[in-house]
Amino acid sequence: MNIALSVLVIVVILWWLLARELPVLFGALVSTGALKRNKFDVLVGVVVVAAIVAGLMLPLYGHLTATYSPMPSSLLVVVVVLAFGVVLLLERLGTMPSLMVALLAMVECYRVLNVDGAAIDYKLLISWCVAPVMSALLSALLYWVNRVGFGKSHLHIIKHAGYLRYVVILGIALAAAAVGLNCGPVLVWLTGGAVYNGIGVGIVAVAFVALFVLLRKAIHKQVDANAEHYLDFSSQAVCAICYAASTTLLLFSTSAVEVVGLRPTPLGVASPLYGAMVGVALVRRRAMYEGGTIGRVAVGVVVTPLLSMACYYLLSSLFSDEVMANDLWNATIVVILLLLGLLVVFARYVRKQESLKQSTRKLLLSQQQQLFENQKALNDLELKAILAENQSLHGTLELKRKEIVNVALGISEQKEFLEMLAEKVRVAAKSSSSEAKDKIIAELQNDLSQRINSSSEIDEFYAQAEQLHKDFSVKLTEEFPHLTTSERRLATLLRLGFSSKYIATLMNISPKSVEISRYRLRQKLGLQKGDNLINFIKSI
């Protein structure tokens, strides 16, 4: 019967740790993205079980066995269920309670009421209050050192991600060991004298492994949900939080805290973890996790032990020691409290599921609305792109049409000019008078000279060249406003890659004049003797 009740007590405490407190701690490390949440199950299980066994050699377990006498198993179940109800109530009110602290506070109240001359151990209360403060100071120091050190290291982001993975793995192992060393001795102590033959350790280890396997999917979901709350923190901040909380748990599992007048004590995960968050938040000068405040952490730390002691004192005042020690009465109380606890848990589960459905529905509607808006914006962009492309094609088509019309007009004009020349040549050939022939030849020479000196085609050529190289013409005019029209045209022809021979033909000057014009252009552009004129023009 005692072992069965011990198993029930262990299962309730382990369920709370696995379902509530550990996912918050490991969710922080998973939020870094350096390690997936389904990659550390075996690591956590092995380290926690090993730490529970190793915790029996620490001063914490010796202090528990020396200070607190074993409670009747049935009464212990009542205490655990009552402590469970206290933390559920405080959690519902928005504070951050620890089941370990609530349980040990009731055990402390039991010791004071049932041991002659016993007084409240104020070192225990002070230790519970100092632990989150110590965790906050450690996290602030670790975060500040990490931020300053990484800021000056100039480490590549890929190498930093590789190092971060090892830091996270080490952090998970450290956190699992800290939880096992700090909470394990309490769990084993609750089994009473069975620990001396190894049954207590076996009960705790088997219960932990069995619950971890059964709750694996639920733990993973809870880890992922808690990881989302840490997205506002950087990887350095998250690692500082977890390392500070784990270090605080380790310190209060050993005699190291006795140096400053404190005492080893179980803390649970909540108070050191949220204290570490406060430390990082103070350094970052931002709001704490989930918009909470330092006051919420302080309320959870102070109210949890006081309310737990008050509840046990009220229970012991209502019933005598003989009644409370009666197994039948305790069994009845256990059944009633368990039913009440199950009702509370079921009500919370139903409300949480309904809230989850509502939030999922709202999120789905929001995503659908966002998808609709994105699709609408995408359609508008596609429509604008199509209109712009059509406009561009229309402009290109109009330009090609004008080019074809100009070519056709040029061909027609050229044909008419050649036909006029051919007619005059036929007239000259048929004429027998030398004066008439000379007159016609003079007319032909005049027509050809006018045709050669005509600048309309050349002007049109320059206009098209300047249109194609509009930016060049604008920059050339802005940077060298003293250039003449002829010099700007020469620069345009050089940019197009024409030789001096073709430039002479287009500008209706001799090749020697082209070289002289190039020399004057170099002077006006401010080029030195070794500078290349064409490369300089192309660089404008």
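Residues numbered from 1 in each chain as written. Predicted model: local features only at pLDDT ≥ 70, side-chain atom pairs only at ≥ 80, totals over all residues. Heavy atoms only, no water.

Bringing helix α20 (residues 511-525) into the picture now. Note that an α-helix has 3.6 residues per turn; residues three or four places apart therefore point the same way. Between its first and last C-alpha atoms α20 spans 21 Å; for 15 residues at 1.5 Å apiece the expected length is 21 Å, and the two agree. The inward-facing, buried residues of α20 contact α18 (485-496), α19 (500-507) and α21 (533-538). In the segment just after α20, Gly526 is the residue with positive phi, at about 75 degrees. (Helix = DSSP H or I, 4+ residues; strand = E, 2+ residues; numbered from the N terminus. Expected span 1.5 Å × (residues − 1). Contact = heavy atoms within 4.5 Å.)

Moving on, we get to empty space enclosed by the protein. Counted by the stated rule, this structure contains three cavities of 30 Å³ or more. The space that makes up the largest cavity amounts to roughly 80 Å³. For the largest cavity, the full set of lining residues is Leu14, Leu17, Leu18, Leu22, Val48, Ile52, Val179, Gly180, Cys183, Gly184, Leu187 and Phe208. Every element with two or more residues in the lining of the largest cavity is listed here: α1 (2-30), α2 (41-55) and α7 (157-189). The residue inventory of the lining of the largest cavity, partitioned by class, reads 10 nonpolar, two polar and no charged. Quantified by volume, the second largest cavity comes out at close to 60 Å³. Taken together, Met96, Pro97, Ser98, Val101, Trp128, Leu267, Ser271, Gly300, Val301 and Thr304 make up the lining of the second largest cavity. Of the residues forming the lining of the second largest cavity, the biggest block, three residues, is contributed by helix α12 (residues 294-318). Residue composition of the lining of the second largest cavity, by class: six nonpolar, four polar and no charged. (1 Å grid on protein atoms, 1.4 Å probe; cavity = no way out; pocket = protein on both sides within 12 Å on 5 of 7 lines; lining within 4 Å. Points joined across faces, edges and corners; volume = space filled by probe spheres on them. Nonpolar A, V, L, I, M, F, W, Y, C, P; charged D, E, K, R; others polar.)

Contact geometry for helix α10 (residues 235-251) and helix α11 (residues 270-284): axes closest at 8 Å, N-to-C directions at 140 degrees. It follows that α10 is oblique to α11 by the angle criterion. Classified by chirality, the crossing of α11 by α10 is right-handed. Contacts from Ala237, Ala240, Ile241, Ala244, Ala245, Thr248 and Leu249 of α10 reach α11 at Pro272, Leu273, Ala276, Met277, Val280 and Arg284. Classifying every residue of the contact of α10 with α11 by side-chain character gives 11 nonpolar, one polar and one charged. (Axes fitted to C-alpha atoms, helices over the stretch in contact; angles between N-to-C directions. Parallel < 35°, antiparallel > 145°, perpendicular 65-115°, else oblique. Left-handed = near helix turned anticlockwise from the far one by under 90°.)

Inspection of the entire model under this criterion finds six aromatic pairs. Residues Tyr110 and Tyr312 carry aromatic rings whose centres are separated by 6.3 Å and whose planes lie at 80 degrees to one another, so their mutual orientation is edge-to-face. Highlighted residues: Tyr110 in helix α5 (residues 99-114) and Tyr312 in helix α12, separated in sequence by 202 residues. Both residues of the pair, Tyr110 and Tyr312, belong to the buried class. Here the aromatic cluster, defined as three or more aromatic residues joined through ring pairs, consists of Trp15, Trp16 and Phe84. (Phe/Tyr/Trp six-rings, centres within 6.5 Å; stacked < 30°, edge-to-face > 60°. Buried < 20%, exposed > 50% of the residue type's maximum accessible area, 1.4 Å probe, protein only.)

As a further point, take the pattern of salt bridges. One pass over the structure, following the stated rule, counts three salt bridges. The closest approach of N and O atoms between Asp121 and Arg263, which form a salt bridge, is 2.7 Å. Residue Asp121 is located in the loop between α5 and α6 (122-153), and its partner Arg263 is located in the loop between α10 and α11; the two are separated by 142 residues in the primary sequence. Exposure remark for Arg263: the relative accessible area of 4% places this residue in the buried category. The salt bridge partner of Glu487 is Lys524, with a shortest N-O separation of 3.1 Å. Taken as a pair, Glu487 in helix α18 and Lys524 in helix α20 lie far apart in primary sequence, 37 residues in all. (Salt bridge = Lys/Arg side-chain N within 4 Å of Asp/Glu carboxyl O.)

The next subject is α18. The end-to-end C-alpha distance of α18 is 17 Å, a good match for the 16 Å that 12 residues give at a rise of 1.5 Å each. Those residues of α18 that fall on the buried side of the exposure criterion are Glu487, Leu490, Ala491, Thr492, Leu493 and Leu494. Just downstream of α18 lies Gly497, where phi reads positive at about 90 degrees.

Another aspect to go through is the packing of α18 against α19. Put simply, α18 and α19 touch, their axes get as near as 11 Å, and they point 140 degrees apart. Between α18 and α19, the angle is such that the two are oblique. In the crossing of α18 with α19, the sense of the turn from one axis to the other is right-handed. Each of Ser486, Leu490, Leu493 and Leu494 in α18 lies in contact with α19, whose residues at this interface are Ile503, Leu506 and Met507.

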